[in-house]
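For reference, the chains in residue letters:
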Amino acid sequence: MRLSYAEVIGDPIAQSKSPAIHGFWLEALDIKSKYQATHVHTDELGEFLNTRRTDPDWRGCNVTMPHKQAVIPLLDRLDPLASAVGAVNTIVPENGKLTGYNTDVPGFLEPLRAELDQTHYFRMARILGTGGAARAIIKGLADEGLVIVLAGRNPEKAGALLDELAPAGEHHAADLAHFADPTDFAFDDREGCLDLIVNASSLGMTGQPPLAFDMSHAPPGSIVYDIVTSPLDTAFLQSARAAGFRTIDGLSMLIGQADHAFRRFFGAAPPRERDDELRKVLGA
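A few points on the structure. (Residues numbered from 1 in each chain as written. Predicted model: local features only at pLDDT ≥ 70, side-chain atom pairs only at ≥ 80, totals over all residues. Heavy atoms only, no water.)

Considering the pairing of strand β11 (residues 223-226)
Condition: Categorising residues by exposure relies on relative accessible area from a 1.4 Å probe, with only protein chains included: less than 20% of the type maximum marks a residue as buried, more than 50% marks it as exposed, and the intermediate range marks it as partly exposed. The helix count covers DSSP runs of H or I at least four residues long, the strand count covers runs of E at least two residues long, and both are numbered beginning at the N terminus. In this analysis, strands are considered paired if DSSP registers two or more bridges between them. Call a crossover right-handed when, viewed with both strands pointing away from you, the route from the first strand across the helix to the second goes clockwise.
Alternating residues of β11 divide into Ile223 and Tyr225 and Val224 and Asp226, and every residue in both groups is buried. Summarising the sheet, strand β10 (residues 193-199) and β11 pair through four bridges and their orientation is parallel. Within the sheet, the bridge partner assigned to Val198 lies in β11 and is Tyr225. For β11 and strand β12 (residues 246-248), the ladder comprises three bridges, and the chain directions are parallel. Following the sheet pairing, Tyr225 is matched in β12 by Ile248. For the crossover from β11 across helix α8 (residues 235-242) to β12, the handedness is right-handed.

Re the packing of helix α9 (residues 250-266) against helix α10 (residues 275-283)
Going by this rule: Lines fitted to C-alpha atoms define the axes here, with helix axes fitted over just the stretch in contact, and angles between the N-to-C directions of these axes take values from 0 to 180 degrees. Between 65 and 115 degrees an angle is taken as roughly perpendicular, under 35 as roughly parallel, over 145 as roughly antiparallel, and anywhere else as oblique. Each helix crossing is assigned a hand: it is left-handed if the near helix lies turned anticlockwise from the far helix by less than a right angle, otherwise right-handed if that turn is clockwise. In what follows, residue pairs with any heavy atoms lying within 4.5 Å of each other are defined as contacts. Side-chain classes are defined by residue name, with Ala, Val, Leu, Ile, Met, Phe, Trp, Tyr, Cys and Pro counting as nonpolar, Asp, Glu, Lys and Arg as charged, and the others, Gly among them, as polar.
Direction vectors running N to C along α9 and α10 enclose 115°, while the axes themselves pass 12 Å from each other. It follows that α9 is roughly perpendicular to α10 by the angle criterion. Of the two elements, α9 crosses α10, and the hand of that crossing is right-handed. Of the residues in α10, those touching α9 at Leu251, Ser252 and Ile255 are Asp275, Leu278, Arg279 and Leu282. When the residues that make up the contact of α9 with α10 are grouped by side-chain class, the tally is four nonpolar, one polar and two charged.

Description of the packing of aromatic side chains
What counts is decided by this rule: Centre distance within 6.5 Å is the pairing criterion for rings of Phe, Tyr and Trp, where only the six-membered ring of Trp is used; planes under 30 degrees apart are then read as stacked, over 60 as edge-to-face, and the remainder as tilted. Criterion for a charge above a ring: Lys NZ or Arg CZ within 6 Å of the ring centre, and within 35 degrees of the ring normal.
What the rule picks out here adds up to eight aromatic pairs. A centroid spacing of 5.6 Å and a plane angle of 25° characterise the contact between Phe179 and Phe213, whose relative ring orientation is stacked. Here Phe179, found in the loop between β9 (172-175) and β10, pairs with Phe213, found in the loop between β10 and β11; they are 34 residues apart in sequence, far enough to count as distant. Given the relative accessible area of 10%, Phe213 is considered buried. Joined through ring pairs, the aromatic side chains of Trp25, Tyr35, Phe262, Phe265 and Phe266 make up one cluster. The ring of Tyr101 carries the charged tip of Arg264 above its face, separated from the ring centre by 3.7 Å.

Here's what the structure looks like:
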């Protein structure tokens, strides 16, 4: 029996946790489909999509680095959010056309939803990193009314990203090195405010340099969020917990974005009540 299938594409791709996530949900829901990882080089993207376009069993694909922007000109249409972010992480065949979506934005925001639905006097996010992953985070948080301080090794690039993705706000670009050394800045009373510190870079990931961030730059009551998934409990998150801050790890965003993709691929809601079990599978 031929099975319908979806997949994740990237270069490299062996590190992806998406097959484990979607495979867990397919089995839990007894859906007779499969989800696989496919290694696709940048110069193969056009041929890959042309081949999949005519495959009646293909439900779509997730897109990981370095293809999230490169696929855009190869698609027939973009969802408005994907167009605004300038990055696609989910492609779905719809009525003979390939549509690009961005599920990173709702995936990133999901574990923050309870806070974002509250009313605050002031909202600010310090976002560390100006790479591809930062685009969805900048757009998502700016749309939720947060003032963005975007820190990168190249502050001019950070400023250009803010101008592109959040031109309407009073946002600020900064040098990432500014946050490495301790500060004696006296934060005002932050009660009734929402403060986020987000590592949107690969710093701290296995095989990458550590993220140099001194927790004295985090206002009282901050939520510290790291999108890195390997290791899951990064030194950045450990330092935040030691300083008394609430933390959110990278699996939260990864599972959240996969939820939105899964619904589009397979037409079913994943069993999120089993998230704890899924996390154990992913951590094995």
